[in-house]
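Spelled out, the chains give:
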Amino acid sequence: MKNEFCFVKDQSGGYKKVSFEDLLFVKSLGNYLQFVTINGTFIALGALSALESELSHHDRFARVHKSYFVNIQRVEHLSPGGLLVGGHEIPVGGKFMENIKETFILQHVLKL
C-alpha cells in the first residue's frame with residue numbers, strides 16, 4: 001500500500017506533514033518549493049525534480065510545467081491555457097499538455 005502522506009522539512013528546520021489528498025500543487029521557487037494545500041501554504045527547501053522522483057509512483061501527481069507539480073485529482077478545469085486547481089490558475093507547458101489530457105483528464109470525460 002502506498003503512503004498517503006509525507007513529511008517535508010520546512011524553513012524552520014521542523015517537519016510538516018503533508019497529506020497527498022490535501023495537496024493542491026507545488027510550485028518551484030528556485031531552490032525552494034511552495035507547497036499549496038487546502039489548509040494553507042508553506043515553503044520548504046528542495047528541487048521540483050527531486051520531488052517528482054519521490055512521488056513518481058503516485059498516479060495522482062503530474063508535472064505540468066517546468067515550475068509546477070499538481071495533484072490531478074484536484075483539477076477543477078482544463079483549458080488550452082492551463083489548469084484551475086483549488087481556485088489557482090496553473091500554467092501548463094506545451095510539452096506537458098497532451099500527456100495531461102491523455103493520461104488523466106480524458107479517462108474521466110463523460111461521452112454523452
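Basis of the calculations
- Along each chain, residue indices are assigned from 1 in the same order as the chain's sequence is written.
- In keeping with the model being predicted, local features are shown solely for residues with a pLDDT of at least 70 and side-chain atom pairs are shown and tallied solely at 80 or more, while totals for entire chains, interfaces and linings include all residues.
- Computation of side-chain values covers all heavy atoms of the structure but excludes hydrogens and water.
- Here the term buried applies to any residue with accessible area under 20% of the maximum for its type, exposed to any over 50%, and partly exposed to those in between, with areas from a 1.4 Å probe on protein chains only.
- Secondary structure elements are taken from DSSP: a helix is a run of H or I of four residues or more, a strand is a run of E of two residues or more, and numbering for both begins at the N terminus.
- Two strands pair if DSSP finds at least two bridges between them.
- To obtain each axis, a line is fitted to C-alpha atoms, and for helices this fit is confined to the stretch in contact; angles are then taken between N-to-C directions over 0 to 180 degrees.
- Contacts are assigned to residue pairs that have any heavy atoms within 4.5 Å of one another.

## Concerning the pairing of strand β7 (residues 68-71)
Part 1: The alternating pattern of β7 places Tyr68 and Val70 and Phe69 and Asn71 on opposite faces, both of which are buried.
Part 2: Here strand β6 (residues 61-65) runs beside β7; their pairing, made up of four bridges, is antiparallel. Bridge pairing in β7 places His65 opposite Tyr68.
Part 3: The hairpin formed by β6 and β7 contains two residues between the paired strands.

## Considering the sheet that holds strand β5 (residues 40-45)
Part 1: Reading across from one edge, β5-β4-β3-β7-β6 is the order of the five strands in this open sheet, with antiparallel pairing throughout. Whereas interior strands pair on both sides, the edge strands pair on one side only; in this sheet they are β5 and β6. The mean inter-strand angle of the sheet, taken between neighbouring strand axes irrespective of direction, is 20°.
Part 2: Bridging between strand β3 (residues 23-29) and β7 involves three bridges; their strand directions are antiparallel. Counterpart to Phe25 in the pairing with β7 is Val70.
Part 3: Those strands touched by helix α1 (residues 48-55) are β3, β4 (32-37), β6 and β7, and its axis lies near 30° from that of β7.

## A short note on the sheet that holds strand β9 (residues 82-85)
Part 1: If you walk across this open sheet you meet the three strands as β8-β9-β10, and the pairing is antiparallel. Across the chains shown, the open sheet's two edge strands, defined by having one partner strand only, are β8 (75-79) and β10 (88-91). This sheet shows a mean twist of 25° between the axes of neighbouring strands, independent of strand direction.
Part 2: Direction of pairing for β9 relative to β10: antiparallel, over a ladder of four bridges. Its bridge partner being in β10, Leu83 is matched across the sheet by Ile90.

## Structural notes on the environment of Phe96
Part 1: Residue placement: Phe96 occurs in helix α2 (residues 94-105).
Part 2: Between the C-alpha atoms of Phe96 and Lys66, which are 30 residues apart in sequence, the distance is 9.3 Å.
Part 3: Once residues within four sequence positions are removed from consideration, Phe96 is found in contact with Arg63, Val64, His65 and Lys66.

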